[in-house]
Amino acid sequence: MAPALITFESPELYRLHNAAGFWGPVTSSVDWCERNYAVSYYVAEFFNCFSNLAIVAAGLLGLRNALRHGYPRRVLVLYTAITVIGLGSAAFHGTLTHEGQQGDETPMVWGIIIWCWCLVFFDPAREEAWPALARATAYAGAIFAAIFAVVHYRLAQFEFFLAVFTSICTVCVLLIIRMYRRCEHPGARRLMNGYLLSLAGGLVVWIADQKLCDRLHALPTGNPQFHAWWHVAMSYNLYLSAVFYTHQRLALQSGKQPILVGSFLPYVEPPRYHLRRK
């Protein structure tokens with residue numbers, strides 16, 4: 001039995017303003033505030049779909065910097081995960097299909113598991129002291145990610161995904177805040193200030209898009225597409241968090257402070273030393 005569709009417009013307005021388009025009736029378990037096929041017959045949620053270009057761009061920019069400056073492989077994996085999450089989210093919002101939703105939410109859980117592992121073992125000394133534990137937790141995370149993918153595909157429950165994702169994400173936020181408190185580099189601390197502000201702002205518009213949907217559509221200017229702005233905020237949030245992690249990881253590996261280049265879209269220039277790529 002398919003789960004009930006979660007919508008954020010009142011039932012009457014949802015039935016009146018949301019028609020089927022190229023991808024057919026909605027088969028995902030959640031349909032966001034943006035009205036379906038309002039801009040294009042071929043794209044279910046136009047703004048929610050194409051706002052993910054910001055997430056893809058953040059991932060690709062990070063990959064470019066990582067390859068150019070020889071960052072550790074785990075940083076390459078992080079930026080690859082960000083890119084895949086952006087593509088998956090675009091597929092979900094562009095189609096509102098069950099398959100598209102899996103392409104969004106499953107990579108998000110995989111990505112947050114990778115991120116959590118990187119934060120737990122961000123200190124090379126800890127990883128070298130407990131190599132068996134580091135490998136065991138990596139394998140456990142991979143097994144959990146595979147089980148989640150299968151269960152989530154069968155259940156198709158947005159609430160299940162949200163519970164898993166927010167639980168792991170809360171752990172990650174606490175871990176990175178702990179890193180922030182121990183960080184004394186002023187440039188790196190500014191990165192974290194941007195991270196926290198973008199996270200807070202993104203959560204505000206994400207919640208407002210759900211709780212105020214009917215009111216947003218009734219505005220004289222029309223729906224401001226808060227969920228799309230959530231994607232933009234998260235693209236910046238993900239990018240800054242990965243740059244901060246890279247800076248802190250390289251500082252511990254080298255015993256020297258890496259250089260932060262740029263302000264709005266900074267990147268890390270490693271110290272001139274033989275970097276162990278692991």
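This report concerns the structure included in the present document.

Rules of the game
- Residues numbered from 1 in each chain as written.
- Predicted model: local features only at pLDDT ≥ 70, side-chain atom pairs only at ≥ 80, totals over all residues.
- Heavy atoms only, no water.
- Helix = DSSP H or I, 4+ residues; strand = E, 2+ residues; numbered from the N terminus.
- Expected span 1.5 Å × (residues − 1).
- Buried < 20%, exposed > 50% of the residue type's maximum accessible area, 1.4 Å probe, protein only.
- Contact = heavy atoms within 4.5 Å.
- Polar contact = N/O pair within 3.5 Å; in protein donor to acceptor, adjacent residues only side chain to side chain.
- Disulfide = S-S within 2.5 Å.

**With respect to helix α3 (residues 53-69)**
Taking 1.5 Å per residue as the helical rise, α3 with its 17 residues ought to reach 24 Å, and the 24 Å between its terminal C-alpha atoms agrees with that figure. Among all positions in α3, only Ile-55, Val-56, Ala-58, Gly-59, Gly-62, Leu-63, Asn-65 and Ala-66 are buried. Those residues of α3 that are buried are in contact with α4 (73-95), α11 (226-254) and β2 (267-269).

**Some remarks on the environment of Ser-51**
Tracing the chain through its elements places Ser-51 in the loop between α2 (46-50) and α3. For Ser-51, a relative accessible area of 11% puts it in the buried group. Along the chain, Ser-51 and Leu-199 lie 148 residues apart, while their C-alpha atoms are 16 Å from each other. Once residues lying within four places of it in the same chain are set aside, the contact partners of Ser-51 are Ala-228 and His-231. A polar contact of 2.9 Å, which involves the side chain of Ser-51, links it to the backbone oxygen of Phe-47. Looking at Ser-51, its side chain comes within polar contact range of the side chain of His-231, at 2.8 Å.

**Here we look at the state of the cysteines**
The bond known as a disulfide is covalent and runs between the sulfur atoms of two cysteines. Applying the stated criterion across every chain, the model contains one disulfide. There is a disulfide in this structure between Cys-33 and Cys-213, and the S-S distance comes to 2.1 Å. Disulfide Cys-33 to Cys-213: torsion about the S-S bond roughly 100 degrees, handedness right-handed. Remark: Cys-213 occurs in helix α10 (residues 213-218) and Cys-33 occurs in the loop between α1 (11-17) and α2; sequence separation between them is 180 residues. Its sulfur unpaired, Cys-169 is 6.1 Å from the next cysteine sulfur, which belongs to Cys-172.

**So, unusual backbone geometry**
Positive phi is not limited to glycine here, since Tyr-37 has a value of about 55 degrees. Here Tyr-37 lies in the loop between α1 and α2. A residue is classified by how much of its surface remains accessible, and Tyr-37, at 14% relative accessible area, is buried. Here the phi dihedral of Gln-225 falls at roughly 60 degrees; this positive angle occurs in a residue that is not glycine.

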